[in-house]
Amino acid sequence: MKITAILPAAGKGTRAAFGKNKVLRDLDGKTVLAKAIEAFSLNPRIDDIIISASENDLDEVCKIAETFKNCRVVCGGDTRTQSVYAALYECEDTDYVLIHDAARPFVTQKVINDCIDTVLQYQSAVCALPATDTSVLCDGGCIRTVPDRNGVFTLQTPQAFSYPQILHAYEQIREDEKFTDDSGVYLRYVAPPHIFEGDRKNIKLTFAEDFKMNTNIRTGIGIDTHAFADHGESITLGGVQIPSDRALLAHSDGDVLAHAVADAILSAAGLDDIGHYFPDTDPQYKGADSLLLLKKAAGFVKEKGYIVGNVSAAIIAEKPKLFPYIAEMRENIAASLGISSQNIGITAGTNEKLGYLGRGEGITVTANVLLRSAD
């Protein structure tokens, strides 16, 4: 038994208005098409994959396909129906085909396996979700019919069929017939197709806003410690000068809070730590304002395509008392990162007299951040 996956990818993506095929747009570091191909490539039950591409996109699609085993590209047509038929025509000794929209990059292995199990049992398998909203039929701007919601489903892909049956169905399509998916073709020329339950995360990327779901979320942790000197009158935390009987030892201004936040955002973006960019061996950073360093670090992160979503930091210190200064720290950190202070959380606590922190030998800050795509 041989199973082939077909991914029609010859559309123009005009509703997304990107000026190019939307499936060739980057999403989480990979093109939409590559993510969709990958899902089927990882499934051991899929023997080969055929991509239908437009002539304009052929070179780029071929380069993507080359990175996957048993994946080849055929020239599609002006409509989805024509592109699917072109791929069906190129299938070799296939028993079943799974047809999946290339613009659905979030398909899971469970959905793929459920599709295969269903088609093996019923010769057809259509991914479907029960309607949760009331659906209506309209004509002339007015509601004419309200179907029973219990019998209404929205269809997704993949949709799988016996290869001989679906090929025969496509060969019967007349020029004046239009179909939006493969289940309609099968229903028209073979039999009522069988459905199986899909996944609400298996959405189709259609409009530009669909690409702004911030699916590329990254988290990072930064931890920094500074020891107390044996002299001084204040410390700096979050850009706030706080009275203290001892300063913190540091090459810069010793703002351990700003340093921890900077390390967290740099780490989340896959960059080096703060010491790499602002080394304590460089004289220009002697006594430097750490909020400015934090702002620069945020700039490095933005160059990688990310912005800071929120920050949560915990300061551990026996003294001085920090609560009266936390609100100002939040404002300063937020201003350096270019986000609202409502997205900054800072807590302060002691170490209950335990360890070096409990002995008052230094201050440690742990910061957690969330980055999201800047698009």
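Bear in mind the structure is a predicted one, so any value in this text is a computation, not a measurement.

S.K.: Outline the sheet that holds strand β15 (residues 306–316), listing residues and values.
M.R.: Taken in spatial order, the 4 strands of this open sheet run β12-β17-β15-β16, and their pairing is mixed. Edge positions in the sheet fall to β12 (217–227) and β16 (344–349), since each of these pairs with one other strand and no more. Neighbour-to-neighbour, the strand axes of this sheet turn through a mean angle of 15 degrees, independent of strand direction. As judged from the 6 bridges shared by β15 and β16, these two strands associate in the parallel manner. What sits directly across from I315, in β16, is A348. Helix α10 (residues 326–337) rests against β15 and β16 of the sheet, and its axis sits at about 140 degrees to β16.

S.K.: Describe in detail the pattern of salt bridges, supporting the description with residues and values.
M.R.: Across all of its chains, the model carries 16 salt bridges by this definition. Measuring nitrogen to oxygen at the nearest pair gives 3.6 Å for the salt bridge that ties D48 to R72. With D48 in strand β4 (residues 48–53) and R72 in strand β5 (residues 71–75), this residue pair connects regions lying 24 residues apart in the sequence. Residue D48 is classed as buried on the basis of its relative accessible area, which comes to 8%. Owing to a relative accessible area of 26%, R72 belongs among the partly exposed residues under this scheme. Ionic pairing is found between E177 and R174, a salt bridge with its closest N-O pair at 3.7 Å. Judged by relative accessible area, R174 falls into the partly exposed class, the value being 43%. Within the structure, one salt-bridge network assembled from shared partners comprises R80, D101, R104 and D182.

S.K.: Run through the state of the cysteines, naming residues and quoting values.
M.R.: Applying the stated criterion across every chain yields a total of 0 disulfides. Here C71 is not cross-linked by a disulfide; its sulfur's nearest cysteine counterpart is in C62, at 9.2 Å. Residue C91 stays outside any disulfide, its sulfur separated by 12 Å from that of C71, the closest cysteine.

S.K.: So what's going on with helix α2 (residues 58–65)? Residues and values would help.
M.R.: All of the buried residues along α2 are V61, I64 and A65. Projected down its long axis, α2 shows its buried positions confined to an angular sector of 100 degrees, all on one face. Looking at α2, the residues exposed on the side facing more than 90 degrees away from the buried face are D59 and K63. Next to the buried residues of α2 lie β3 (30–31), α1 (32–41), β4 and β5.

S.K.: Describe the sheet that holds strand β6 (residues 96–99), naming the residues involved and giving the relevant values.
M.R.: Spatial strand order, β5-β4-β1-β6-β10-β7-β11: 7 strands in an open sheet with mixed pairing. Each of the sheet's edge strands pairs with one partner strand only, and the pair in question is β5 and β11 (195–197). Direction aside, neighbouring strands of the sheet carry axes that sit 30 degrees apart on average. Inspection of the sheet shows β4 paired to β5 by 5 bridges, in the parallel sense. Looking at β5, one finds that S52 is bridged to V74.

S.K.: Can you lay out helix α7 (residues 256–268) for me, pointing to particular residues and giving the numbers?
M.R.: One turn of an α-helix holds 3.6 residues; hence residues three or four places apart share an orientation. Between its first and last C-alpha, α7 extends 18 Å over 13 residues, near the 18 Å set by a 1.5 Å rise per residue. α7 sits mainly inside the fold: 12 of its 13 residues count as buried. Taken together, the buried positions of α7 are V256, L257, A258, H259, A260, V261, A262, D263, A264, I265, L266 and A268. Looking one or two residues past α7, G270 carries a phi angle of roughly 75 degrees, positive in sign.

S.K.: So what's going on with the nonpolar core? Which residues, and what values?
M.R.: Residues L237, L257, I265, I315, L337, I363 and L371 are the most contacted members of the largest nonpolar core, which totals 47 residues. Elements represented by at least two residues in this core include exactly β13 (234–237), β14 (240–243), α7, α9 (290–303), β15, α10, β16 and β17 (362–373). Among the elements that make up this core, the one with the highest residue count is α7 (10 residues). Among all residues touching I363, those that are not within four sequence positions of it are D224, T225, H226, F228, I235, L248, V256, I315, I316, A317, K319 and L357. In this structure, A65, C71, V119 and F211 belong to the second largest nonpolar core, which totals 40 residues.

S.K.: Quick one: what's the story with a nonpolar patch on the surface, residue by residue and with numbers?
M.R.: A grouping of V136, I143 and V146 is seen on the molecular surface, where their side chains present a nonpolar patch of about 260 Å² in accessible area. Note on placement: V146 falls in the loop between β9 (142–145) and β10 (153–162).

S.K.: Please set out the pairing of β9 residue by residue, giving values where relevant.
M.R.: Both strand β8 (residues 137–139) and β9 contribute to a ladder of 3 bridges, which runs antiparallel. Opposite L137, over in β9, you have T145 as the bridge partner. Counting the residues that bridge the hairpin from β8 to β9 gives 2 residues, and of these G140 lies at a positive phi of roughly 65 degrees.

S.K.: If you had to explain the pairing of β15 to someone new, which residues and values would you point to?
M.R.: Bridge analysis of β15 against β17 gives 10 bridges, and the strand direction is antiparallel. Note that in β17 the partner of Y306 across the bridge is S373. A crossover links β15 with its parallel partner β16, the connecting element being α10, and its sense is right-handed.

The rules we used
Residues numbered from 1 in each chain as written. Predicted model: local features only at pLDDT ≥ 70, side-chain atom pairs only at ≥ 80, totals over all residues. Heavy atoms only, no water. Pairing = 2+ DSSP bridges. Helix = DSSP H or I, 4+ residues; strand = E, 2+ residues; numbered from the N terminus. Axes fitted to C-alpha atoms, helices over the stretch in contact; angles between N-to-C directions. Contact = heavy atoms within 4.5 Å. Salt bridge = Lys/Arg side-chain N within 4 Å of Asp/Glu carboxyl O. Buried < 20%, exposed > 50% of the residue type's maximum accessible area, 1.4 Å probe, protein only. Disulfide = S-S within 2.5 Å. Arc of directions from axis to C-beta. Expected span 1.5 Å × (residues − 1). Core = buried A, V, L, I, M, F, W, Y, C linked by side-chain atoms within 4.5 Å. Patch = residues over 30% accessible without salt bridge, like charges linked within 9 Å, V, L, I, M, F, W, Y side chains within 5 Å. Areas by Shrake-Rupley, 256 points an atom, 1.4 Å probe, with all protein chains shown as cover. Right-handed = clockwise from strand over helix to strand, strands pointing away.

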